[in-house]
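Here is what each chain is made of, one letter per residue.
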Amino acid sequence: MRHAVRPVRWVAGMAIALATVLLIASCSGQRHPAASNAPSAAAGTGAHGGHGKPFTPPAVAPLRASERFVNLKLPQPYTPSAPSGGTDEYRCFLVDPGLTGRAFLTGSQFLPQNTDIVHHAIIFRVDPGQAETAGKLDASTPGEGWTCFGDAGVEDGDWVGHWAPGADETLLTQKVGYPMPAGSKLIIQVHYNLLAAEGKPVGSDQSGLRLRLTDGEADLAPLITDQLPAPVELPCTAEESGPLCDREAAVRDVVHRFGDQAGRSVTELNGFCNGGRPPVAAATQHCERKAEGPATVYAVAGHMHLLGRSIKVELNPGRPGARTLLDIPAYDFDEQAIRPLPEPVAVKAGDTLRVTCTHDAGLRKMLPAMRGLPPRYVVWGEGTSDEMCLGLLMLSPAAGAAG
């Protein structure tokens, strides 16, 4: 879950800064009604997975050959405060796994402490030079960490893990891992959602992280996380009205809450995915791009927010040998697990990757956390009342294909 989509060198043409997130709408304390394609009057009465109650991590899988655990936590407790009158803050924290030699990250488990406000987290690896830049940014920012809507706040951080409801540690059986050079550090980007606090004190958070590391001598193929975003252009329903049902007003509101990069993300996503044509308001949107080089895909995931209905990731749709890598016809925000493929899938240079999402503005009136919010034309954004369409591929580029 990153929220600014930046170029991934393995994928051609993604000249935008939109890394997005895996993740994230409000910590609203209800079961997501989109888990059923036929919403009922009882929808919205359950609990958000992992939110609003003490987090109990799943049982720890045993260490495998040459693996070890490293446990980290935020350097100091942090009390979030949403800027610009919003209900969301994205905060980045620099942590040091103490790597004196090369290693591979083969698994990670985020450990949220204050689940009333911790909504999701993304883990970025930065090399020693980037870590120095991040350290200076941290030191120059009041309080622990720094505000980081859109991305980690430093150039070229590599996404190596994330947590959202249902997305706990996933271990791949193949010999793969995220490279961790000596001296590299991690940036933990935490999405704090304050909507449920209703103006009351939210308390502090000092979440943690358990890393599964193997020594750098292991013969592992290097992993990267590739992001496949698509635009969101969801109009208000016929029964809704209000100032934010105007697209331009809704985009201005996103920029007000999250900064200029939020507006650029909306514009550049449409420009890339829609060929520069004017945006088309519709519940279903998709985006395609070509693979620059060969790779092997081992696992997939999909992310939308609370208005998500379905998400699909396809390889070479409409062509001989087409494959569906991910198909979630009834999207459930509480179940965002990474899904290992039954068998790794080879991707060739020039292959087409497509992500397709369907959202439903009608869910807005069914969700307790959103009933008090004004109706809006929904575009790509980091907040509770915004949306995303994001496919994630955990893959290993062929030698020389990663750039």
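Quick summary incoming for the structure in this document. In this text the structure is predicted, and so the values were computed from the model without any measurement. (Residues numbered from 1 in each chain as written. Predicted model: local features only at pLDDT ≥ 70, side-chain atom pairs only at ≥ 80, totals over all residues. Heavy atoms only, no water.)

## Some words on the overall build of the protein
Scanning the protein from N- to C-terminus turns up four helices and 20 strands. Across the 403 residues that make up the protein, the buried fraction comes to 57%. Put simply, the protein shows about 15,600 Å² of open surface, and 53% of that area lies on carbon and sulfur atoms. (Helix = DSSP H or I, 4+ residues; strand = E, 2+ residues; numbered from the N terminus. Buried < 20%, exposed > 50% of the residue type's maximum accessible area, 1.4 Å probe, protein only. Areas by Shrake-Rupley, 256 points an atom, 1.4 Å probe, with all protein chains shown as cover.)

## With respect to the pairing of strand E3 (residues 103-111)
By the criterion of burial, E3 is predominantly enclosed, with eight of the nine residues buried. Where E3 meets strand E7 (residues 176-180), three bridges bridge the pair, whose relative direction is antiparallel. Across the sheet, Leu-105 pairs through a bridge with Tyr-178, a residue of E7. Sheet topology places E3 next to strand E9 (residues 208-215); eight bridges connect them, and they run antiparallel. Note on E9: the bridge partner recorded for Leu-111 is Gly-208. (Pairing = 2+ DSSP bridges.)

## Overview of the sheet that holds strand E10 (residues 221-222)
Taken together, the five strands give an open sheet; going across it, the order is E1-E9-E3-E7-E10, and neighbouring strands pair in mixed fashion. The sheet is open, and its two borders are formed by strand E1 (67-73) and E10, each paired with just one other strand. Strand direction decides the pairing type here: E7 and E10, joined by two bridges, are parallel. Across the sheet, Val-176 pairs through a bridge with Ala-221, a residue of E10.

## Considering unusual backbone geometry
The backbone of Ser-66 sits at a positive phi, close to 70°, despite the residue not being glycine. Looking at the secondary structure, you find Ser-66 in the segment before E1. Look at Asn-316: it is not a glycine, yet its phi comes out positive at around 55°. Judged by its relative accessible area of 6%, Asn-316 falls in the buried class.

## Remarks on the packing of helix H2 (residues 247-258) against helix H3 (residues 260-273)
In contact at an axis separation of 6 Å, H2 and H3 are set at 140° when each is read in the N-to-C sense. By the angle between their axes, H2 is oblique relative to H3. Between H2 and H3, the contacting residues are Arg-247, Val-251, Val-254, Val-255 and Phe-258 on the first element and Asp-260, Gln-261, Ala-262, Gly-263 and Val-266 on the second. Among the residues making up the contact of H2 with H3, the classes are represented as six nonpolar, two polar and two charged. (Axes fitted to C-alpha atoms, helices over the stretch in contact; angles between N-to-C directions. Parallel < 35°, antiparallel > 145°, perpendicular 65-115°, else oblique. Contact = heavy atoms within 4.5 Å. Nonpolar A, V, L, I, M, F, W, Y, C, P; charged D, E, K, R; others polar.)

## Focus on the environment of Thr-79
Turning to its location among the elements, Thr-79 is positioned in the loop between E1 and strand E2 (88-95). The sequence separation of Thr-79 and Ser-204 amounts to 125 residues, and the corresponding C-alpha distance is 4.1 Å. Not counting residues up to four positions away in its chain, the partners in contact with Thr-79 are Val-202, Gly-203 and Ser-204.

## Focus: the packing of aromatic side chains
We describe a pair of aromatic rings using the distance from one ring centre to the other and the angle between the two ring planes. This model, assessed by the stated rule, comprises five aromatic pairs. Relative to Phe-149, the ring of Tyr-90 has its centre 5.4 Å away and its plane inclined at 55°; by these criteria the two rings are tilted. On the criterion of sequence distance, the pair formed by Tyr-90 in strand E2 and Phe-149 in the loop between strand E5 (146-147) and strand E6 (158-163) is long-range, its members being 59 residues apart. With respect to burial, Tyr-90 and Phe-149 carry one shared label: buried. Ring pairs connect the aromatic residues Tyr-78, Phe-93 and Tyr-192, which therefore count as one cluster. Sitting over the ring of Phe-69, Arg-210 keeps its end group 5.3 Å from the ring centre. (Phe/Tyr/Trp six-rings, centres within 6.5 Å; stacked < 30°, edge-to-face > 60°. Lys NZ or Arg CZ within 6 Å of the ring centre and 35° of its normal.)

## Some remarks on the state of the cysteines
Within the structure shown, the criterion is met by four disulfides. In this model Cys-92 forms its disulfide with Cys-148; the gap between the sulfur atoms is 2.2 Å. Negative torsions about the S-S bond denote left-handed disulfides, and the value of about 100° found for Cys-92 with Cys-148 makes this one right-handed. In this pair, Cys-92 sits in strand E2 while Cys-148 sits in the loop between E5 and E6, placing the two residues 56 residues apart along the sequence. (Disulfide = S-S within 2.5 Å.)

## Some thoughts on the pattern of salt bridges
Counted under the stated rule, the structure contains 16 salt bridges. Ionic pairing is found between Glu-67 and Arg-212, a salt bridge with its closest N-O pair at 3.0 Å. Taken as a pair, Glu-67 in strand E1 and Arg-212 in strand E9 lie far apart in primary sequence, 145 residues in all. With relative accessibility at 11%, the residue Glu-67 sits in the buried group. For Glu-233, the salt bridge identified is with Arg-247, shortest N-O distance 2.8 Å. With Glu-233 in strand E12 (residues 233-234) and Arg-247 in helix H2, this residue pair connects regions lying 14 residues apart in the sequence. Glu-233 gets classed as buried once you look at its relative accessible area, which sits at 2%. Through salt bridges that share partners, Arg-64, Glu-67, Glu-169, Arg-210 and Arg-212 make up one connected network. (Salt bridge = Lys/Arg side-chain N within 4 Å of Asp/Glu carboxyl O.)

## What to know about the sheet that holds E5
Across the sheet, which stays open at both edges, the five strands sit in the order E5-E2-E8-E4-E6 with antiparallel pairing between neighbours. Looking at strand neighbours, the two that pair on one side only are E5 and E6, the edges of this open sheet. Inspection of the sheet shows E2 paired to E5 by two bridges, in the antiparallel sense. The residue of E5 that forms the bridge with Arg-91 is Thr-147.

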